[in-house]
Each structure stands twice: as C-alpha cells, then as structure tokens.
Amino acid sequence: MMNAAVSPCKASQCALGKVKGTNFGPRKSIVSKMELTLTRPDDWHLHLRDGGLLEAVLPHSANQFGRAIVMPNLKPPVTTTAAAVAYRETIVKALPSRCNFEPLMTLYLTDSTKPDEIKLARESGIVFAVKLYPAGATTNSQGGVTDLFGKCMPVLEKMIEHNMPLLVHGEVTDPEADVFDREKLFIDEILRPLIQKLPRLKVVMEHITTLDAVRFIESCSEGLVAATVTPQHLLLNRNALFQGGLQPHNYCLPVLKREIHRQAIVTAVTSGSSQFFLGTDSAPHEKKRKESPCGCAGIYSAPVALSLYAKVFEQAGALDKLEAFTSFNGPDFYGLPRNTTTIILHKTPWKVPESYDFSSGSIIPMFAGQTLEWLPSHLL
C-alpha cells in the first residue's frame, strides 16, 4: 500500500456528478488515509436493457466505468452485427452529456449463428465477444444454444480465427440438476471438454460462483481462459436469499452459493491473479417484476459496485491489488489499451438510496438503504 499525494485532476461533468481523471498513464493505486485513486475501471459484464430502463440505469455505469461489455439478451436478442450496431447507437444517444463511456457490444450465440457473422462482427470494430447462453438458463435465454458441440463448432472455430472471445453463462439447464450444482456440472460436462477440443479459443466464464469454478480457471492457460466476478458473489452467500423472509432483490442467476464458495472466490480475486476481473452482472428489473409470484433473476449493483469491490479488498487486506482487478486484467485479456484517466474513492460513509425511480417504475439497488464506506468521486 502506498501513501502519496493525489495529483490535480481534470474534472468532467456527468449527469450524476463529477468523475475526476487525469491524462497520466496507468499507475499503481494511490492509497492515503481518506482516498483511493484508481485507473478508471471497466465493467466486463453489464446489462443495460433498452427503452426507459436503459435511460435510467446508463448514467450509473457511465459515470464511473470507461467501458463496458454490454450483454445481448434483449427481446429480441442481439444476434447479428447489424443489430449490435443499432443497439450501440441507442446506448450512445442515451448517454449523459460529456460522459466518456464506450459500450463494447456482444452477439447472442444461437444454434443457427453463421460463421460469416463472426467475420462481420470483427470487421465492424464495435463487437468484442460472443455470448453463450444455454437455452433457458437465465433472463431472455430462450433462444440460446441447445447443442453447442453439434451445431456451433464452425462458429467457434471462426471465433478462434478472428480472436473473438466466447463469454459463457456456465450452468446446465437440465431440470433434474440441482440449481446449486449447475455450475459444476457445466464445467465438467461442457466447458472442460470444449477447451480440450478447442484449446486456442479465448473463454471468459462469467459471474463465477463456486470453488469448482475457481479451481477450473486456475487450471487453465492464462491469457486464454478467465473469469468475471460480481460484487454479490464476493459479499453474499445463499443465506442472503432467506434472512428475515424471502429476499427477491438478492435473487440472481447463477444463484448465490454456500459460504465456502464465497470465501474461495474472495481468495482468488484478492490474490492478484490476472485471470479474474471486474464484471458486475448488474441486471436491473422493475421492482414489481422482482417482487412478484415469479420474480426475475438479477441484482442491480451498478450504483454501488465500486464501493463494494473496495470493501471486499479492504477486508482482505489487499487494497493494493484492487486496481489490477478493476482496471488492468480485463483490458489486458481483451487486448485493449488500459484507460488513462482515474477515479477516486473517498473513505466517507454514504447511504445507498432505497430505490431509483424512472418513467414506469422503480429499481431497488443492491444494499438499498445501507451505509457503505467507500464513496466514488462522481457521487460527491
């Protein structure tokens, strides 16, 4: 941990406040008594939705992250490069004024995706990955893949040719499989055989939740296989679903797991390994859709994510490793330049709003109404 003065910053005004940054190159984290300065982070797994919900949630990410890998599971899903271009234009138009935020688009893999689509995606300059949703695994995944090895191999081979990563929602969808075992089964039955068959395919196992996933990632080649990690899977175990009654706003997929798994993920992330990086999986749903007889899966973490990641690393005595996790490991894996501006986290208690209202309802954020200890500069 280093003590140093914070350099003067050039302020850029965004909708929710100020994000301070400099034009200096990437550097080590600066930790003082009250502030933590980081190279501006990126979010490598983000749901932005569309319509009024997009406009409501976009500022929470745009004010603190330089870039984000945007998930394609809309209705209808983003299955073509043309659709990705159109969705990106919608996002850019909805950005708060003077916010320097770049959406990195993805394609939704289906049984009928053609190899030529991968070539078009790479040539577009705006598509950076392809997302594998096993059909029925999570929100809007009904059109996902039903037979990866039987129907998608030509596409995966074309992805290797164009250095296009495969982003994996790692759960089997067999209704007979226990929901708490579906990640491990996916690793054993699909992911490990896939990597053995296509060892040069770049793969990100998204939002890992188990010790099994940690061990698998660590057993794979650095630079070819990596994982994103969410704030909820670092801070919550499955008790959070039931404490004081059923807690729908803590329900996500993959579902929260036992404490032993949470601890394993924290150890991996705070170890300094470059195979793990920030991906919030922030997934907004209207309150009424979460608090319903069949509540949606997804936790809205975008407004609090950086505060929560800092909490995890501080508790582990690893604040000196936070910047690599938030700001370096992701772009290095994707072969993109690191950001050159910074963001400051202040050691100042602040209360998370109970909800965020928008045109047709409200969204309940993660840790709603609770007090957090690290305040991002854009909220000042």
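Residues numbered from 1 in each chain as written. Predicted model: local features only at pLDDT ≥ 70, side-chain atom pairs only at ≥ 80, totals over all residues. Heavy atoms only, no water.

**Here we look at the side chain of Q232**
For Q232, the location among the structural elements is in helix α8 (residues 231–235). Q232 has contacts with C252, L256, T280, D281, I299, S301 and M366, leaving out every residue within four places of it along the chain. (Helix = DSSP H or I, 4+ residues; strand = E, 2+ residues; numbered from the N terminus. Contact = heavy atoms within 4.5 Å.)

**Some words on the sheet that holds strand β11 (residues 225–229)**
Reading across the sheet, the 8 strands line up as β5-β6-β7-β8-β9-β10-β11-β12 and stay open at both edges, with parallel pairing between neighbours. Here the strands that pair on one side only, and so sit at the sheet edges, are β5 (43–46) and β12 (276–278). Here the strands of the sheet are splayed against their neighbours by 30° on average, with no regard to which way each runs. In this sheet, strand β8 (residues 127–132) lies alongside strand β7 (residues 102–108) in parallel orientation, the contact comprising 4 bridges. Bridging from a neighbouring strand, M105 pairs with V127 of β8. (Pairing = 2+ DSSP bridges. Axes fitted to C-alpha atoms, helices over the stretch in contact; angles between N-to-C directions.)

**Section: empty space enclosed by the protein**
The tally for this structure, following the rule as stated, stands at 3 cavities of 30 Å³ or more. The computed volume of the largest cavity comes to approximately 120 Å³. Looking at the largest cavity, it is lined by 15 residues, and the ones nearest its centre are H47, T138, L253, D281 and A283. Among the residues making up the lining of the largest cavity, the classes are represented as 4 nonpolar, 8 polar and 3 charged. (1 Å grid on protein atoms, 1.4 Å probe; cavity = no way out; pocket = protein on both sides within 12 Å on 5 of 7 lines; lining within 4 Å. Points joined across faces, edges and corners; volume = space filled by probe spheres on them. Nonpolar A, V, L, I, M, F, W, Y, C, P; charged D, E, K, R; others polar.)

**Section: the state of the cysteines**
What the rule picks out here adds up to 0 disulfides. Left without a disulfide partner, C296 is nearest to the cysteine sulfur of C294, which lies 7.5 Å away. (Disulfide = S-S within 2.5 Å.)

**Topic: the environment of I195**
One can find I195 in helix α6 (residues 182–197). When its relative accessible area of 16% is taken as the criterion, I195 is described as buried. A C-alpha to C-alpha distance of 35 Å links I195 and V92, two positions 103 residues apart in sequence. If we ignore the near neighbours within four places in the chain, the residues touching I195 are V203, F216, C220 and V225. (Buried < 20%, exposed > 50% of the residue type's maximum accessible area, 1.4 Å probe, protein only.)

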